[in-house]
Amino acid sequence: MKRLSEKDIETYIRFPEKLSLEKIKEIEGILAEDEELLLLADWFESFYEKLDEENISTDKSPAPATLTLTSMNDEKRYKSRRFILAAKSESPQINHEHVKTFQSLEHKTLMRILKRKSDNTYYFHVISDFIEDEDVILLKMGKDATFKISKPGGKLILDESELSDLDLEESTLCELLLPLMSCKLSQESSSRDGYVISRAGSDLNTVEISFTGNEVKIVADPDTLSAEPHKLLISTNTGSSIWNVDQGVAILPQKEVRGKDLNLFFYN
């Protein structure tokens with residue numbers, strides 16, 4: 001069996017009746033040898049226990065523009081029966097250290113933070129029905145923190161030097177900004193005036209691109225979105241940058257856009 005997906009683990013925890021006995025044994029065997037997946041199984045287990053305690057529906061609600069997550073009590077995590085499975089493996093490799101978990105019960109969303117002890121690298125991974133594989137999210141934690149930009153799918157990797165404005169120990173809240181709308185521009189479409197098809201949730205929309213002098217104007221109609229956009233993320237294969245949006249309009253130097261393959265993401 002290939003490496004377990006989050007969906008495989010969630011099904012194993014929440015809906016084991018959907019799996020054959022052979023599949024369950026196979027999954028448990030993999031969990032017994034993979035510490036990171038084992039941690040994920042525990043988080044799903046604790047998360048659904050909390051959902052059941054609070055009697056909160058797991059039906060998917062409309063996607064919010066911003067998710068506010070609170071720190072999750074992980075005291076019972078090490079008592080899980082799944083860690084007993086790990087102890088049975090012949091030579092468990094313990095390289096990942098759990099740092100913190102944030103949750104939104106209302107929106108069935110988790111953000112787990114692991115530290116890889118071998119190189120002091122921190123891994124942030126958001127698990128949510130509202131995040132698609134290509135979505136880039138913005139993370140803010142701490143009163144004065146700047147936004148951190150995830151990789152597609154809600155993954156973020158930081159080294160210790162990049163955590164100076166994130167107080168992981170003291171922070172009890174974090175904000176995740178989800179894209180209101182996104183689109184891709186090719187080298188051709190980023191070099192001329194025109195409209196580009198974009199995705200806004202499950203709907204199609206358009207973004208207008210126009211060039212004047214040394215500037216480019218990028219327009220998203222606020223009336224067609226679920227919330228007013230205030231930020232624009234431009235992502236290329238060499239990096240990303242965040243720009244202000246005023247009444248649906250972002251104005252920036254042409255050199256940031258013209259002749260490039262790039263992705264645009266608008267946020268509230």
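Residues numbered from 1 in each chain as written. Predicted model: local features only at pLDDT ≥ 70, side-chain atom pairs only at ≥ 80, totals over all residues. Heavy atoms only, no water.

### Some details on the overall build of the protein chain
Then step 1. Each helix and strand counted, the protein chain has four helices and 16 strands in total.
Then step 2. For the protein chain, the computed accessible surface area is about 14,500 Å², with 46% contributed by carbon and sulfur atoms. (Helix = DSSP H or I, 4+ residues; strand = E, 2+ residues; numbered from the N terminus. Areas by Shrake-Rupley, 256 points an atom, 1.4 Å probe, with all protein chains shown as cover.)

### Structural notes on the layout of surface pockets
Then step 1. Considered as a void within the structure, the largest pocket measures approximately 480 Å³ in volume.
Then step 2. Lining the largest pocket are 23 residues, and of these Ala-63, Pro-179, Ala-200, Gly-201 and Ser-202 lie nearest its centre.
Then step 3. Ranked by residue count, the leading element in the lining of the largest pocket is strand 11 (residues 203-212), at three residues.
Then step 4. In the lining of the largest pocket, the residues fall into eleven nonpolar, six polar and six charged. (1 Å grid on protein atoms, 1.4 Å probe; cavity = no way out; pocket = protein on both sides within 12 Å on 5 of 7 lines; lining within 4 Å. Points joined across faces, edges and corners; volume = space filled by probe spheres on them. Nonpolar A, V, L, I, M, F, W, Y, C, P; charged D, E, K, R; others polar.)

### Focus: helix 2 (residues 21-31)
Then step 1. Buried residues of helix 2: Ile-24, Ile-27, Ile-30 and Leu-31, and no others. In a view along the axis of helix 2, the buried residues occupy a sector of 125°, so they form one face of it. Projecting away from the buried face of helix 2 at angles above 90 degrees are the exposed residues Leu-21, Glu-22 and Lys-25. (Buried < 20%, exposed > 50% of the residue type's maximum accessible area, 1.4 Å probe, protein only. Arc of directions from axis to C-beta.)

### Focus: the pattern of salt bridges
Then step 1. Summed over the entire model, instances satisfying the criterion amount to six salt bridges.
Then step 2. Of the charged contacts, one joins Lys-108 and Glu-10 as a salt bridge, the two residues approaching to 3.2 Å between their closest N and O atoms. Note that Lys-108 is positioned in the loop between strand 2 (96-104) and strand 3 (109-116) and Glu-10 in helix 1 (residues 6-14), a separation of 98 residues in sequence.
Then step 3. Since its relative accessible area comes to 10%, Glu-10 is described here as buried.
Then step 4. With a closest N to O distance of 3.6 Å, Lys-184 and Glu-134 form a salt bridge. Linking Lys-184 in strand 9 (residues 181-185) with Glu-134 in the loop between strand 4 (121-128) and strand 5 (138-141), this pair joins segments that are 50 residues apart in sequence.
Then step 5. Lys-184 sits in the exposed class, given a relative accessible area of 54%. (Salt bridge = Lys/Arg side-chain N within 4 Å of Asp/Glu carboxyl O.)

### Section: the environment of Ser-210
Then step 1. When you line up the elements, Ser-210 lands in strand 11.
Then step 2. Each C-alpha atom of the pair Ser-210 and Arg-192 lies 7.0 Å from the other, and the pair is 18 residues apart in sequence.
Then step 3. Setting aside residues no more than four positions away along its own chain, Ser-210 makes contact with Asp-193, Glu-215, Val-216 and Lys-217. (Contact = heavy atoms within 4.5 Å.)

### A few points about the side chain of Gln-103
Then step 1. Position of Gln-103 relative to the elements: it lies in strand 2.
Then step 2. We classify Gln-103 as buried; its relative accessible area is 10%.
Then step 3. When neighbours within four sequence positions are excluded, Gln-103 is seen to be in contact with Phe-47, Thr-68, Leu-69, Thr-70, Met-72, Thr-109 and Leu-110.

### Description of the packing of aromatic side chains
Then step 1. Overall, the coordinates contain zero aromatic pairs when judged by the stated rule.
Then step 2. The ring of Phe-15 has Lys-18 sitting right over it, with the charged end atom 4.5 Å from the ring centre.
Then step 3. Its guanidinium or amino end placed over the ring of Phe-211, Arg-258 lies 4.1 Å from that ring's centre, counting from NZ or CZ. (Phe/Tyr/Trp six-rings, centres within 6.5 Å; stacked < 30°, edge-to-face > 60°. Lys NZ or Arg CZ within 6 Å of the ring centre and 35° of its normal.)

### Points about the environment of Glu-169
Then step 1. Tracing the backbone shows Glu-169 in the loop between strand 7 (155-159) and strand 8 (173-177).
Then step 2. A relative accessible area of 66% means that Glu-169 is categorised as exposed.
Then step 3. Separated by 70 residues in sequence, Glu-169 and Val-99 place their C-alpha atoms 8.4 Å apart.

### A word on the packing of helix 1 against helix 2
Then step 1. The N-to-C vectors of helix 1 and helix 2 enclose an angle of 115°; their axes lie 11 Å apart at closest approach. The handedness of the crossing between helix 1 and helix 2 comes out as left-handed. In this structure, helix 1 uses Asp-8, Ile-9 and Tyr-12 to contact helix 2, whose residues at the interface are Ile-24, Ile-27, Glu-28 and Leu-31. (Axes fitted to C-alpha atoms, helices over the stretch in contact; angles between N-to-C directions. Left-handed = near helix turned anticlockwise from the far one by under 90°.)

### Considering the confidence of the model for the protein chain
The predicted coordinates should not be examined in detail at positions where pLDDT is low.
Then step 1. Looking at the protein chain, the pLDDT average stands at 82 and 85% of residues meet or exceed 70.
Then step 2. Under a pLDDT of 50 for its full length, residues 75-84 has, in the predicted model, 22 contacts with residues more than four places off or in other chains. (pLDDT = per-residue confidence, 0-100.)

### Observations concerning the side chain of Asn-205
Then step 1. Relative to the elements of secondary structure, Asn-205 occurs in strand 11.
Then step 2. For Asn-205, a relative accessible area of 13% translates into the label buried.

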